[in-house]
Each structure stands twice: as structure tokens, then as C-alpha cells.
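Results of the structural survey
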Amino acid sequence: MKLEPGAERAHPLTRIIDATLARSGGWLPFDRFMALALYAPGLGYYANDSRKFGQMPASGSDFVTAPEMTPLFGQALAEQIGEALHETGTAEVWEFGAGSGALAAQLLDALGPRVKRYRIVDLSGSLRARQRVTLDRFGDKVEWLSALPDTMQGVVVGNEVLDAMPVQLLMRIGGRWFERGVVAQGDGWAWEDRSTELRPPVEPEGPQDYLTEVHRHAEAFIATLADRLTKGAAFFLDYGFPEAEYYHPQRHMGTVMCHKAHQADADPLVEVGAKDITAHVNFTGIALAGQDAGLEVLGYTSQARFLINCGLPARMEGAALPERALAARLIHEHEMGELFKVIGFVAGAPWDARGFSEGDRSHTL
Ligand SMILES: C[S@@+](CC[C@H](N)C(=O)[O-])C[C@H]1O[C@@H](n2cnc3c(N)ncnc32)[C@H](O)[C@@H]1O
């Protein structure tokens, strides 16, 4: 879906956002705006039919994720998932935010009969339809759920799902904190800051004005998951940092980014519904949310370290050159190797998980 400048007011998503704004007294906190922009039924970015994931803009895609780059990603991750199934005595995999279904296919191929059921929870109806096509050959081994059941057992996985959860924006101006929200203005929207009691978990050092995010949706998601997961483990891969780095004085512009046609920009108020909106993950908040709700942190490390621990280099040696080059991007420090992190949780007795066997950074959380 392409929106020409000026066409925004005529678009149904715009009308929904405007109606919500009007019902809310003319000001919407950014997390509610982001939730509509991404997930408004049929219209939000993840709910519409645009292609989203792919290697190149020519395919009509907006960004690429690790499982879309190479199946070696899923094969390496399967080493950890297989070990976790064994260690926790479970036989189900639960994937949150399964995108095109690429990772599910890679994991199902690699794990074979060790997975009795593969359950997918995705907010996006259009992506669920795409996943059904990708995963058709696995028959009724794959199941889709629209909500979490009261209890679940198995190994949970989510790649780039936490960064797609709405965030609240906080702005410090002249030493005072405000929540940043959205108001209608002319043909579009503008920012408006309101006084708030909300604070980031760490006060950024220094006197400078400072824009940042807090992640109550992602943390509530982890707390709910922790509550429901009676036996098993969970692994989330995403870009982000521990809180000391997240709320670093130099990161004063926040981390909200938009992606369209493989270009990034920092303005979520234009081309709404036509581009992805994300924020980096505060992994300390994620770890605490899981821990407070009864999970134990198995480990936390960079994606590079995790995939190397899971045997990616040996798989790369046996792969053709183009495949090897793509897999290298997953572990190169200047590509996805260092910015992306992996956090693992366990519900039950912890073990020395392979993915964190060397270079575990849990102490930095
Ligand atoms: C950036 S995409 C990542 C897709 C895929 N995991 C990949 O790596 O290609 C984010 C996905 O998370 C889904 N999502 C966001 N919030 C979710 C939630 N609370 N529960 C389940 N899925 C969610 C979106 O619908 C979308 O499929």
C-alpha cells in the first residue's frame, strides 16, 4: 500500500486514527498511535497485504530479517531449540510473530519428529494466511492460535517480535519529563508533549533534553507468557541493549525507526500504515519481567555469539558461497552480529544452554 503525500486524510486508517484521537480528547499517547498504525484490523502495517519481508526493494519488501536471509539461521537456532525440548521434556514449539513462516519451516525441517506440534501466535491475519501457504507441507502439525491458552508447555521462540510491540515515548525537556503523544494538525499529525509521572527505569545522565521509550507492552507480554508457561523454555532474538546502554546519555534521540523499501527513517507520523515502526528492546526490562513472573534467565548474549555457539560456522563451511555470505551478515559485528541479542528463559530446572555456553552476558542486564 503506497500513500502519496496529501492522500493521508482520505485513507481509512487515517480516519480510524482521527476517530480514536477525537474520542481520546484530541491527544493519543504514542503507544496507542503505534498500535493502530501497525495492527488496526485490515489496515495497519502488519494487518494489510503489503509484502514486508524480502531481500531487496524490487520484491516490494521493506526490510529483511534473519530467517528471510538464509535457512542456516533456523538450522543453527534449531540446535538450541532441540536441546531445550530435550532438557525440558517437552515436544511443542510455540512461535510468536512468525512473519512469512520462513523460520517455522526451517525449524520444522531441522527438528523433524522431535516436534509434535508447532503452534503459531501472530496478531496479523494477512501474515497468518501467508504462513499457511509456506507451511502447508507440514499438515496439521502446525496450528494457529488467536490468543494464548491458560497454560502452555514447550519451547517458545520469537524473532524480531518484541521490537514490533508499541512503546510509550518519554521526553525530558529542561529537566522535566513529558509523555509524547500525537495530535491532528492540518493534513497530518504532530507531536505534543504532556506532563507525566512516568520515568524511564534509569535516569539518563547529564542535563540535555532527552527522548526515549518505555516498553510496557513488551514487558506485559513477557509477564503473561511467564505466567502461562508451566514447563519449557523461551528464546527471543532482537535488536537492543541492557538498560545502562539503552538509557545512555548519547542515545538522546530515542530508538524509534521506520522501515520502508529497505530505507530507514525516524518519522512515524507520515505514510502511516505503509511502513514498519519499531523500537529497540530494553533487554533488562524483558529479563526482569520474566524473572518477576517466575521464569529464570538461562542466558543473554549477542546474536553472533549465540549462533557461533550453536554451530553456525560449521554449517557455513558446507554451504555455497552466496549462502555463506548471507550467513556471515548474521554474525558480523557491523551487521546483525552485535546489535542483535538473544535472551533465553526457562520455566523449570535450568541447564547450561548451548547458545550461551561462551560469552554469556547475563551479568550486564
Ligand atoms: C518484524 S516482524 C518479524 C517476523 C518474523 N519473526 C521474522 O523474523 O521474519 C514482527 C511480527 O510480530 C508479530 N507480532 C507483533 N506483536 C505480536 C504479539 N503480541 N503476539 C504475536 N505476534 C506479534 C507481527 O504481526 C509480525 O508478524
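Look up: the structure comes first, before these words.
First, a word on what this report is: a plain description of the structure on this page. (Residues numbered from 1 in each chain as written. Predicted model: local features only at pLDDT ≥ 70, side-chain atom pairs only at ≥ 80, totals over all residues. Heavy atoms only, no water.)

Below, the discussion takes up the pairing of strand S4 (residues 92-96). Buried residues dominate S4, accounting for four of its five residues. For S4 and strand S5 (residues 117-121), the ladder comprises five bridges, and the chain directions are parallel. The residue of S5 that forms the bridge with Glu95 is Ile120. In terms of handedness, the path from S4 via helix H5 (residues 102-111) over to S5 forms a crossover that is right-handed. Summarising the sheet, S4 and strand S7 (residues 152-159) pair through three bridges and their orientation is parallel. Looking at the pairing, Val93 lines up with Val155 of S7. (Buried < 20%, exposed > 50% of the residue type's maximum accessible area, 1.4 Å probe, protein only. Helix = DSSP H or I, 4+ residues; strand = E, 2+ residues; numbered from the N terminus. Pairing = 2+ DSSP bridges. Right-handed = clockwise from strand over helix to strand, strands pointing away.)

Now for empty space enclosed by the protein. Taken as a whole and assessed by the stated rule, the structure comprises one cavity of 30 Å³ or more. Space inside the largest cavity adds up to approximately 30 Å³. In terms of lining residues, the largest cavity is bounded by Leu162, Asp163, Met165, Val167, His215, Ala218, Ala279, His280, Val281 and Ile286. For the lining of the largest cavity, the residue count by class is seven nonpolar, two polar and one charged. (1 Å grid on protein atoms, 1.4 Å probe; cavity = no way out; pocket = protein on both sides within 12 Å on 5 of 7 lines; lining within 4 Å. Points joined across faces, edges and corners; volume = space filled by probe spheres on them. Nonpolar A, V, L, I, M, F, W, Y, C, P; charged D, E, K, R; others polar.)

Let us look at the layout of surface pockets. Space left empty within the atom packing is revealed by a probe, the size of a water molecule, rolled over the atoms. The calculated volume of the largest pocket comes to roughly 680 Å³. What lines the largest pocket is a set of 35 residues, and nearest its centre among them are Phe96, Gly97, Asp122, Leu123 and Val161. Within the residue set of the lining of the largest pocket, elements represented by two or more residues are helix H3 (66-69), S4, H5, helix H6 (125-134) and helix H7 (216-228). When its residues are assigned to classes, the lining of the largest pocket shows 19 nonpolar, nine polar and seven charged. One number sums up the size of the second largest pocket: a volume of about 400 Å³.

Geometric values such as these leave the question of function open.
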